[in-house]
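One-letter residues, chain by chain:
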Amino acid sequence: MQIIFAGKAHPADKEGQDLIKYIHEVSMMPQFKGKIFILENYNIATSRYLISGVDVWLNNPRRPMEASGTSGQKASVNGVINFSVLDGWWAEGYTQDNGWTIGTNAEYDSYEAQDVADSQSMYRTLEEKVIPTYYEKDKNGLSKKWLELMKNSIITTGGKYSTARMLVDYANNLYVPLCNLTKKYYMDIDNVAAYNAWKKDLYVNWKDIKIVQVNNLDNITIDAGNNIEVACEVELPNINVENITVEVYYGKILENGVVENVSIIPMKLQDQDDEKKKYYFTSKIELSTGGNYGYTFRVMPKHEMLLEPANLDLVKWITK
């Protein structure tokens, strides 16, 4: 098995330059000669040759410093198996059977503690999963488990992480709706002025929102396939209930802390006390398969002139 380091380090990035220097020194050691290589000034042309022959795409920036990870996406479409931190695209692309992860979603007090934990996780996964799977070959010299991972890598990412899918999503979810919204509301200056005033008021009062759980289930066993009803009470001292959406956010929690198959469901307003500004919301969530599930509640802004609630950078999560 050979290891190739490909990338660039900005001249001002002392840490990156030191890392390249260290890797170069290691590659020159007798025990690693012919096994570790450095490809400086990595580019698209070099990538074309590299991806066609590489087996594992190792990506280990400090979480959450990763941007997107288009190189890993491109590799996976070509049957390369990703081995990465849970950041960027891999945080949603990883499915347990299409590659491996480095570390968890845990928060650390320092970079040093995070680096140690990630390093231990990387070596442990290499020793216990990656290398054994690679060398577990049949009489034909093939590893069936490795081939399955390669196929799963293509299946789970080929259509999802593509320019075609991206353009369709942009057109259907952003460009066309935004054009319709602009034509309907933004041609009238009075509408725009009222909307701006509403946003200003929302930013001032958003911090006063309070969310409280109401008789919810905790640490119980439910048969897979059943629904459970969850509820919360939202206090809105200075915001109209018509201008918020209350949602339940839930998913299956994996052993490494990753939340899989996240679902976000709008909750229904069931009761209200306008005098005390308290509002009672409920929803049902489905536990489709076995395993550990977790859920929480959040409040998002709502307005007829707002295309996407996340655009205002306002979200209120329940806190204990």
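This section reports on the structure supplied with the text.

1. Some details on the overall build of the protein chain
Then, in step 1: When helices and strands are counted, the protein chain shows 8 helices and 13 strands.
Then, in step 2: Scaling as 2.2 N^0.38, a compact globule of 320 residues should have a C-alpha radius of gyration of about 20 Å, whereas the protein chain reaches 25 Å, well beyond that.
Then, in step 3: In the protein chain, which comprises 320 residues, the proportion classed as buried is 31%.
Then, in step 4: Expressed as a percentage of contacts within the protein chain between residues at least 6 apart in sequence, the contacts between residues at least 24 apart total 61%.

2. Digging into the packing of aromatic side chains
Then, in step 1: Across all of its chains, the model carries 12 aromatic pairs by this definition.
Then, in step 2: Here Trp100 and Trp146 contribute two aromatic rings whose centre-to-centre distance is 5.6 Å and whose plane-to-plane angle is 45°, an arrangement assigned as tilted. With a gap of 46 residues between them, Trp100 in strand β5 (residues 99-102) and Trp146 in helix α6 (residues 144-157) connect regions that are remote in the sequence.
Then, in step 3: Residue Trp100 is classed as buried on the basis of its relative accessible area, which comes to 7%.
Then, in step 4: Look at Trp146 and you get buried, because its relative accessible area is 6%.
Then, in step 5: Ring geometry for Tyr186 versus Tyr195: centroids 6.2 Å apart, planes at 85°, classification edge-to-face.
Then, in step 6: Overall, the relative accessible area of 5% leaves Tyr195 in the buried class.
Then, in step 7: Ring pairing ties together the aromatic residues Phe83, Trp100, Tyr134, Tyr135 and Trp146, which thus form one cluster.
Then, in step 8: The residue whose ring lies beneath Arg62 is Tyr111, and the NZ or CZ to ring-centre distance is 4.3 Å.
Then, in step 9: The side chain of Lys137 reaches across the aromatic face of Tyr134, ending 5.0 Å from its centre.

3. Section: helix α8 (residues 189-205)
Then, in step 1: Taking 1.5 Å of rise per residue, the 17 residues of α8 would be expected to cover 24 Å, and the 25 Å separating its terminal C-alpha atoms lies within 8% of that figure.
Then, in step 2: Buried within α8 we find Val192, Tyr195, Trp198, Leu202 and Asn205. An end-on view of α8 places all buried positions within 160° of arc, on one side of the element. For α8, exposure combined with an orientation more than 90 degrees from the buried face picks out Ile189, Asp190 and Lys200.
Then, in step 3: Lining the buried residues of α8 we find α7 (163-186) and β12 (292-301).

4. Some words on empty space enclosed by the protein
Then, in step 1: For the structure on display, the rule yields 1 cavity of 30 Å³ or more.
Then, in step 2: As for the largest cavity, its lining consists of Arg63, Val85, Leu86, Ile102, Thr104, Ala106, Tyr108, Gln114 and Asp118.
Then, in step 3: Split by residue class, the lining of the largest cavity holds 5 nonpolar, 2 polar and 2 charged.

5. Considerations on the side chain of Thr125
Then, in step 1: Secondary-structure assignment places Thr125 in helix α5 (residues 111-135).
Then, in step 2: Taking the relative accessible area as the measure of exposure, Thr125 reaches 11% and is therefore buried.

6. Looking at the nonpolar core
Then, in step 1: Grouped together as the largest cluster of nonpolar side chains are 31 residues, with contacts concentrated most on Val234, Ile244 and Phe281.
Then, in step 2: Those elements that provide at least two residues to this core are α7, α8, β7 (227-235), β8 (244-253), β11 (278-286) and β12.
Then, in step 3: The next biggest cluster of nonpolar side chains, apart from the first, holds 10 residues, and it includes Ile81, Phe83, Ile102 and Trp146.

7. Some thoughts on the sheet that holds strand β6 (residues 210-213)
Backbone-to-backbone hydrogen bonds pair the strands of a sheet. The strands run either parallel or antiparallel.
Then, in step 1: Ordered by their spatial adjacency, 4 strands build an open sheet running β6-β7-β11-β10, and the pairing between neighbours is antiparallel. The sheet is open, and its two borders are formed by β6 and β10 (268-273), each paired with just one other strand. Pairwise comparison of adjacent strand axes, ignoring direction, gives a mean angle of 25° for this sheet.
Then, in step 2: In terms of strand pairing, β10 meets β11 through 5 bridges, oriented antiparallel. What sits directly across from Lys268, in β11, is Thr282.

The rules behind the values
- Per chain, residue numbering runs from 1 following the sequence as it is written.
- Residue-level local features of this predicted model are given only where pLDDT is at least 70; pairs of side-chain atoms are given and counted only at 80 or more, and the full residue set underlies all totals for whole chains, interfaces and linings.
- To obtain the side-chain values, all non-hydrogen atoms of the structure were used and water was disregarded.
- Going along the chain from the N terminus, every DSSP run of H or I of four or more residues is numbered as a helix, and every run of E of two or more is numbered as a strand.
- Each radius of gyration is computed over the set of C-alpha atoms, and the globule rule expresses the reference value as 2.2 Å times the number of residues to the power 0.38.
- Classification of residues uses two cut-offs on accessible area relative to the type maximum, computed with a 1.4 Å probe and protein chains only: under 20% is buried, over 50% is exposed, and between them is partly exposed.
- We call two residues in contact whenever any of their non-hydrogen atoms come within 4.5 Å of each other.
- Here the aromatic set is Phe, Tyr and Trp, taking the six-membered ring for Trp, and pairing holds for ring centres within 6.5 Å; pairs whose planes are under 30 degrees apart are stacked, those over 60 apart are edge-to-face, and all others are tilted.
- Here, a charge over a ring is recorded when the distance from Lys NZ or Arg CZ to the ring centre is within 6 Å and its angle to the ring normal is within 35 degrees.
- By definition here, a helix of n residues has an expected span of 1.5 Å times n minus one.
- It is the directions from the helix axis to the C-beta atoms that the arc portrays.
- Residues are called lining when one of their atoms sits within 4 Å of a cavity or pocket point, these points coming from a 1 Å grid over the protein atoms alone, where a cavity is a set in which a 1.4 Å probe fits but cannot get out and a pocket is an open set with protein on both sides within 12 Å along at least five of seven lines.
- Grid points are joined across faces, edges and corners, and a volume is the space filled by probe spheres set on the points.
- Under the grouping applied here, Gly and all other residues not named as nonpolar or charged are polar, the nonpolar ones being Ala, Val, Leu, Ile, Met, Phe, Trp, Tyr, Cys and Pro and the charged ones Asp, Glu, Lys and Arg.
- The nonpolar core is taken to be a set of buried Ala, Val, Leu, Ile, Met, Phe, Trp, Tyr and Cys residues, with the residues joined through side-chain atoms within 4.5 Å.
- Here the rule is simple: two strands pair whenever DSSP picks up at least two bridges between them.
- A fitted line through C-alpha atoms serves as each axis, taken over the contacting stretch for helices, and the angle formed by two N-to-C directions is quoted from 0 to 180°.

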